[in-house]
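Observations on the model geometry
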Amino acid sequence: TVLMRARSVARTLPVAIDSILAQTFKDFELLVIDDASTDATPDIARAYAQRDARVRLIRGESHLGVSRAANLGLREARGKYVAIMDADDWSMPERLARQVAYLDAHREVVICGGAIEVCDGDLRSVLPRRYHLDDEAIRARLFRYSPFAHPAVMFRAEAARRAGGYRGDLERGAEDYDFYFRLGRIGKFANLSETLLRLRTSPDSFSRRHSRAIELATIGARWRAVREYGYRPRLLDGAYSLGQFATVLMPPSWRFWAFAWLRSRTAIRGTSDAQG
């Protein structure tokens, strides 16, 4: 199941859907969760559904927000695996095939991400972003930054339901980060080295406009993981959070691109070379 949350994204939705329908892996369903859009988003999704039986449009009765919209998709999902796809991004043609093959071969892994390209509003590549690959390396840095690009993850549907899905009280802050901590109590983490997705950014995107609130929510998710989920950070992890807190005073655009540049230069050290 490919889960795509959509709210008033008529301009970018066709490109996102087309990238999924062009996947080399064909045995999937695409759930477009329309979250009370005020433009032609549901009409576009409905037109795709009429042309391709794999596409299903699901409309919330009222505005749900990203967490509740994702949970609605989890309830409706029929697939063994769930891939997240944002309605303004573009998935590489081999994305689903690579992630399904990896999860099939590594049953201890509950969530699998991959490298991405950070792009401008026209999906022109600006910076690559890589992530650590194996469970040990990911967990060693779990309290420093989110270990996955959320729009590029695929996870086991059964594990996601056992974990309780996304917390409805976290809205466009750290709902994905919190979700990873809970999934990590059930099984192992993994990332592929291959680039799986082009991530669209723009000056008016939520992550750019609300980066300060997102960073504060991220720090809060770490302490929730300690208080509620039984994780134990190292001393250096606490120092990292204090340093991150200090960057809250930076202008949002500086903070966004500084982070993107830093992640693009992060070496993949201490990870397994095996890709599955």
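This is a predicted model, so every value here is computed, not measured. (Residues numbered from 1 in each chain as written. Predicted model: local features only at pLDDT ≥ 70, side-chain atom pairs only at ≥ 80, totals over all residues. Heavy atoms only, no water.)

1. Brief notes about the packing of helix α1 (residues 13–21) against helix α2 (residues 41–51)
At a closest axis distance of 10 Å, the pairing of α1 and α2 adopts a crossing angle of 25 degrees. As the angle between them shows, α1 and α2 are arranged roughly parallel. You can see that α1 and α2 cross each other, and the crossing is right-handed. In this structure, α1 uses Leu 13, Pro 14, Ile 17, Asp 18 and Leu 21 to contact α2, whose residues at the interface are Thr 41, Ile 44, Ala 45 and Tyr 48. (Axes fitted to C-alpha atoms, helices over the stretch in contact; angles between N-to-C directions. Helix = DSSP H or I, 4+ residues; strand = E, 2+ residues; numbered from the N terminus. Parallel < 35°, antiparallel > 145°, perpendicular 65-115°, else oblique. Left-handed = near helix turned anticlockwise from the far one by under 90°. Contact = heavy atoms within 4.5 Å.)

2. With respect to the confidence of the model for the protein chain
When the pLDDT values of the protein chain are averaged, the result is 84; 78% of them are 70 or greater. Contacts for the low-pLDDT stretch residues 265–276, under 50 throughout, to residues beyond four places or in other chains number 26 contacts. (pLDDT = per-residue confidence, 0-100.)

3. A few points about the nonpolar core
Residues Val 2, Met 4, Leu 13, Ile 17, Leu 30, Val 32 and Ile 116 are the most contacted members of the largest nonpolar core, which totals 38 residues. Residue contacts for Val 2: discarding those within four places in its chain leaves Ile 20, Phe 28, Glu 29, Leu 30, Leu 31, Ala 83, Met 85 and Leu 96. (Core = buried A, V, L, I, M, F, W, Y, C linked by side-chain atoms within 4.5 Å. Buried < 20%, exposed > 50% of the residue type's maximum accessible area, 1.4 Å probe, protein only.)

4. Some thoughts on the pattern of salt bridges
Taken as a whole, this structure holds 16 salt bridges when the rule is applied. Ionic pairing is found between Asp 34 and Arg 59, a salt bridge with its closest N-O pair at 3.0 Å. Of this pair, Asp 34 sits in strand β2 (residues 30–34) while Arg 59 sits in strand β3 (residues 55–59), and the two are 25 residues apart along the sequence. Judged by its relative accessible area of 1%, Asp 34 falls in the buried class. What makes Arg 59 partly exposed here is its relative accessible area of 45%. In this structure, Asp 178 engages Arg 224 in a salt bridge whose closest nitrogen and oxygen atoms are separated by 3.5 Å. Of this pair, Asp 178 sits in helix α7 (residues 175–183) while Arg 224 sits in helix α9 (residues 211–229); the two residues are 46 residues apart in sequence, bridging distant segments of the chain. We note that Asp 178, like Arg 224, is buried. (Salt bridge = Lys/Arg side-chain N within 4 Å of Asp/Glu carboxyl O.)

5. Description of the packing of aromatic side chains
In the structure shown here, the tally under the stated rule is six aromatic pairs. Ring centres of Phe 148 and Tyr 180 lie 5.0 Å apart, and the angle between their planes is 70 degrees; on these two criteria the pair is classed as edge-to-face. Placement of the pair is Phe 148 in the loop between α5 (135–140) and β8 (154–156) and Tyr 180 in helix α7, with a sequence separation of 32 residues. Each member of the pair, Phe 148 as well as Tyr 180, is classed as buried. Seen in terms of ring centroids, Tyr 166 and Phe 179 are 4.3 Å apart; in terms of plane orientation they differ by 25 degrees. Their pairing is stacked. Residue Tyr 166 is found in the loop between α6 (157–163) and α7, and its partner Phe 179 is found in helix α7; the two are separated by 13 residues along the sequence. Joined through ring pairs, the aromatic side chains of Phe 143, Tyr 177 and Phe 181 make up one cluster. The ring of Tyr 48 is capped by Arg 51, whose NZ or CZ atom sits 4.6 Å from the centre of that ring. (Phe/Tyr/Trp six-rings, centres within 6.5 Å; stacked < 30°, edge-to-face > 60°. Lys NZ or Arg CZ within 6 Å of the ring centre and 35° of its normal.)

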